[in-house]
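Residues per chain, in single letters:
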Amino acid sequence: MKEIVILGSTGSIGRQALDVIRRFPDKMRVAGLAAGSNWPLMAEQIREFRPRVVALAREEAARELAQNLPPEELPDIFWGPGSLVTVATAVDSGVVLNALTGTVGLGPTVAALEKGLDIALANKETLVAAGELVMKLAREKGARILPVDSEHSAIWQCLAGQPQNRVGKIILTASGGPFRKEPADLSRVTVDEALAHPNWRMGKKITIDSATLMNKGLEVLEAHWLFAVDYDQIEVVVHPQSIIHSMVEFVDGSVIAQLGLPDMRLPIQYALSYPDRWPSELPRVDWFALGELTFEPPDTKRFPCLALAYAAGRTGGTMPAVLNAANEIAVDAFLAGEIDFTAIPRLVAGVMEEHAVVYEPTLEEILAADRWARGAAREKARR
């Protein structure tokens, strides 16, 4: 019986993870849950899964939660920034699924790794901002980073223990998002149009990132750290059907791909069940209805965020953290109607140009760069 902690339980990945756990009551139990402010949904999750400890971002939400549950159903309830660490370290063994959005996920990841806990990682920002530190800590503590993103799960499965010197290239597939071909003028697209992803059900931030291709850029940075490959060995290929989730090309020219329907419950289940594979009733690919699989190169002129991510990764140091932080602020500004869609990469590029990079940074220096970038990005968004 695996004990599972879910950080971000009321978000898209968190809800789908609970659906996976629901299907395997004899194999997993929920020990802890953490979320933002959605206490009504958290209350439903507590009633069903009976965690020992939960956390919410704000005290008001935590009080509402406590007042709306009978005493016999109340877990230990915490709130505020430190509460994420409390929940992340609430078990002595098992898996912590980090499905938080943003660099808020970095602290609890580090705390869980310090305790030697395995991390099922759906929080891109952890590795984007502090990949070297996080991977080093995982090695020192004997903890595993279990990829949850469909692309990194695919690469993980394709590698299947292959020695590093046999890997020629990692091929990350991208759907291309809602604006792969149209409209010609991206400055006029609306928030609702940008949130209408053709294949995946995701939260707002990651959906906008998919529309700009920044999501793929962040995945390039993640892949660099997860699989210890150079940026020149990571290629992005647009694959609109989202059936091939990623591929590995080996030094002899052979290519292994992982395929499946675009359903996040599949990589979530594999991360939680690893090293086993558990039978599931998830939908299967209908190959005859599918008909074709197509591929095309990404258009970095139309979607400059992908090129910005490669540039940040090659620069290294604190630059990836700055890229990520500036992008978070730019996406928030677009969702709030403060900037147009094409201003997102311009704002990120402007912040990157102004940043004085710190190489081989400490965690404190990474967090300082993150704070600086957020301030610089907010100032640009107001202009």
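Predicted model only: the values in this text are computed from it and were never measured.

Calculation notes
- Residues numbered from 1 in each chain as written.
- Predicted model: local features only at pLDDT ≥ 70, side-chain atom pairs only at ≥ 80, totals over all residues.
- Heavy atoms only, no water.
- Helix = DSSP H or I, 4+ residues; strand = E, 2+ residues; numbered from the N terminus.
- Rg over C-alpha atoms; globule rule 2.2 N^0.38 Å.
- Contact = heavy atoms within 4.5 Å.
- Areas by Shrake-Rupley, 256 points an atom, 1.4 Å probe, with all protein chains shown as cover.
- Pairing = 2+ DSSP bridges.
- Axes fitted to C-alpha atoms, helices over the stretch in contact; angles between N-to-C directions.
- Core = buried A, V, L, I, M, F, W, Y, C linked by side-chain atoms within 4.5 Å.
- Buried < 20%, exposed > 50% of the residue type's maximum accessible area, 1.4 Å probe, protein only.
- Left-handed = near helix turned anticlockwise from the far one by under 90°.
- Nonpolar A, V, L, I, M, F, W, Y, C, P; charged D, E, K, R; others polar.
- Salt bridge = Lys/Arg side-chain N within 4 Å of Asp/Glu carboxyl O.
- Patch = residues over 30% accessible without salt bridge, like charges linked within 9 Å, V, L, I, M, F, W, Y side chains within 5 Å.

Visitor: Looking at this structure, I do not really get the overall build of the protein chain. What am I missing?
Guide: Scanning the protein chain from N- to C-terminus turns up 16 helices and 11 strands. Rg of the C-alpha trace for the protein chain: 20 Å, near the compact-globule value of 21 Å for 383 residues, within the 12% margin. Once the C-alpha set of the protein chain is aligned to its principal axes, its extents read approximately 60 × 50 × 40 Å. For the protein chain, contacts bridging at least 24 residues in sequence account for 68% of all contacts bridging at least 6. Split by element, the accessible area of the protein chain, about 16600 Å² in all, is 50% carbon and sulfur.

Visitor: Explain the sheet that holds strand E8 (residues 167–174) here, please?
Guide: Adjacent strands of a sheet pair through backbone hydrogen bonds, lying either parallel or antiparallel. Taken in spatial order, the 4 strands of this open sheet run E9-E8-E10-E11, and their pairing is mixed. Bordering the open sheet on either side are strand E9 (234–238) and strand E11 (255–259), each of which pairs with just one other strand. Strand-to-strand twist in this sheet, taken as the mean axis angle between neighbours without regard to direction, amounts to 20°. As paired strands, strand E10 (residues 244–250) and E11 are joined by 5 bridges and run antiparallel to one another.

Visitor: Help me understand the nonpolar core, please; the structure alone is not making it clear to me.
Guide: A general tendency of soluble globular proteins is for nonpolar side chains to be buried together. Ranked by size, the top nonpolar core spans 123 residues in total, and within it Ile21, Ile145, Phe227, Leu323, Ile339 and Phe341 carry the most contacts. Counting residues per element, this core draws most heavily on helix H14 (residues 319–335), which supplies 11 residues. Apart from the residues within four sequence positions on either side, Ile145 is in contact with Leu113, Ile119, Leu121, Val134, Met135, Ala138 and Leu226.

Visitor: Just checking my understanding: could you explain the side chain of Asp209 for this structure?
Guide: Considering the arrangement of structural elements, one finds Asp209 in helix H9 (residues 204–212). The buried category is assigned to Asp209, whose relative accessible area is 2%. Not counting residues up to four positions away in its chain, the partners in contact with Asp209 are Met214, Asn215, Leu218, Asn327 and Val331.

Visitor: Looking at this model, I keep getting lost on the sheet that holds strand E3 (residues 53–56). Mind explaining?
Guide: Strand order across the open sheet formed by 7 strands is E4-E3-E2-E1-E5-E6-E7, with parallel pairing between neighbours. Every other strand in the sheet has two partners, leaving strand E4 (76–79) and strand E7 (145–147) as the edge strands with one partner each. Averaged over all neighbouring strand pairs, the angle between strand axes comes to 25°, with direction disregarded. The pairing of strand E6 (residues 118–121) with E7 spans 3 bridges and is parallel. Across the sheet, the residue bridging to Ile119 is Ile145, located in E7.

Visitor: How do you make sense of the packing of H14 against helix H15 (residues 343–354) when you look at a structure like this?
Guide: When two helices pack together, their arrangement is given by the angle between their axes and by how far apart the axes lie. Contact geometry of H14 with H15 gives a least axis separation of 9 Å together with a crossing angle of 145°. The way H14 lies across H15 gives a crossing that is right-handed. Across from Met319, Val322, Leu323, Ala326, Asn327, Ala330 and Phe334 in H14, the residues of H15 making contact are Ile344, Leu347, Val348, Val351 and Met352. Looking at the contact of H14 with H15 residue by residue, the class counts come to 11 nonpolar, 1 polar and no charged.

Visitor: Sorry, what's going on with the pattern of salt bridges here?
Guide: When the charged atoms of two side chains with opposite charge come close together, those side chains can pair. All told, the structure shown has 29 salt bridges when counted by the stated rule. The salt bridge involving Lys141 is made with Glu114; its shortest N-O contact spans 3.6 Å. Here Lys141 is found in helix H6 (residues 124–141), whereas its partner Glu114 is found in helix H5 (residues 106–114), with 27 residues between them in sequence. For Glu114, a relative accessible area of 43% gives the class partly exposed. Put simply, Arg382 and Glu379 hold a salt bridge, and the shortest N to O gap is 3.0 Å. Taken together, the residues Arg382 and Glu379, both in helix H16 (residues 363–382) and 3 residues apart, mark about one turn of the helix. Given a relative accessible area of 61%, Arg382 falls into the exposed group. Within the structure, one salt-bridge network assembled from shared partners comprises Asp19, Arg22, Arg23, Glu48, Asp263 and Arg265.

Visitor: Please clarify how a nonpolar patch on the surface should be interpreted in this entry.
Guide: Together, Leu259, Trp287, Phe288, Leu293 and Phe295 give the surface a local cluster of nonpolar side chains, amounting to about 560 Å² of exposed area. Secondary-structure assignment places Leu293 in the loop between helix H12 (287–290) and helix H13 (305–315).

Visitor: I keep staring at H13 and nothing clicks. Help me out?
Guide: Three- or four-residue spacings in an α-helix give side chains the same orientation, since the helix completes a turn every 3.6 residues. Along H13, the residues that are buried comprise Cys305, Leu306, Leu308, Ala309, Tyr310, Ala312 and Gly313. Considering only its buried residues, H13 is in contact with H9, helix H10 (214–227), E9, H14 and H15. Looking one or two places after H13, you find Gly316, whose phi comes out positive at around 75°.

Function-wise, these values are silent; they only describe arrangement.
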